[in-house]
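Chains, contacts and geometry: an overview
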Amino acid sequence: MAAPRSTSERITDTIGRLENDIDAWVTSTNTERPWLAPLSFMWLDRQLHFATDATSPTVKSVRNIPAVRVALGHTRDVVIVQGHAVLSNSADLTEEQVAAYLAKHGSDPRTWADTVIHLQPTRILAWREENELPGRILMTDGTWLG
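Residues numbered from 1 in each chain as written. Predicted model: local features only at pLDDT ≥ 70, side-chain atom pairs only at ≥ 80, totals over all residues. Heavy atoms only, no water.

Glycine aside, a negative phi is what most residues show, and trans is what most peptide bonds show. With a phi angle near 60 degrees, Arg46 is a residue other than glycine that sits in the positive phi range. Here Arg46 shows up in the loop between strand S3 (42-44) and strand S4 (47-52). Among the residues examined, Arg46 registers a relative accessible area of 42% and is labelled partly exposed. Its identity as a non-glycine residue notwithstanding, Asp141 has a phi of 50 degrees, on the positive side. Position of Asp141 among the secondary structure elements: in the loop between strand S8 (137-140) and strand S9 (143-144). Judged by its relative accessible area of 74%, Asp141 is exposed. (Helix = DSSP H or I, 4+ residues; strand = E, 2+ residues; numbered from the N terminus. Buried < 20%, exposed > 50% of the residue type's maximum accessible area, 1.4 Å probe, protein only.)

In C-alpha cells:
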C-alpha cells in the first residue's frame, strides 16, 4: 500500500480528476426514493455541469431537493462531491461552457439536452486506501482546505 498523500497532493489529484474524468455517478433524492444515474460532466468555473433532459428522474429530483452527491472513480480511488444544484435551460449555456463541453465531449449539449444541472461543490472528499481515510475531507463550505 502506498503512503498516504498530503492534502495538497490530494487536492491536485482531485482537481485533475474533475478536469479530466468524463463520467460520474450522480445521486439525488425526492420524497419517494433516492436516484443514482451515470452522467457525463464538465468542470468549469469551480462547478460541475451535467447536460440531460428535463424529464429525467435526476432533474425531477433536483427541482424538489437540490442536494446532490457525485462520485468519481472506483472504491480504491474515489472522489465524492457534495453540493447544491441549480437547473438551467441548455439554450442558456454561455459560449465558454459550450466550447468546454465540445472540447471535452465532442458535442454541443444544446443539440441533444434541454437542461443543465450546475453543481456548486460545498464538500469534497477523496481517498484511495484505508490509510487515506483520515484527512479525506478536502473542501468544506465551498473552501479547499490546506
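From this point, things continue past the structure.
Attention now goes to the packing of aromatic side chains. What the rule picks out here adds up to 2 aromatic pairs. Taking the centre distance of 6.0 Å and the plane angle of 50 degrees together, the rings of Phe41 and Phe50 count as tilted. Both residues of the pair, Phe41 and Phe50, belong to the buried class. The interplanar angle of 55 degrees and the centroid separation of 6.2 Å between the aromatic rings of Tyr101 and Trp112 together place this pair among those described as tilted. Separated by 11 residues along the polypeptide, Tyr101 in helix H3 (residues 95-105) and Trp112 in the loop between H3 and strand S7 (115-127) bring together distant segments of the chain. Given a relative accessible area of 3%, Tyr101 falls into the buried group. The ring of Phe41 has Lys104 lying over it, and the distance from NZ or CZ to the ring centre is 4.1 Å. (Phe/Tyr/Trp six-rings, centres within 6.5 Å; stacked < 30°, edge-to-face > 60°. Lys NZ or Arg CZ within 6 Å of the ring centre and 35° of its normal.)

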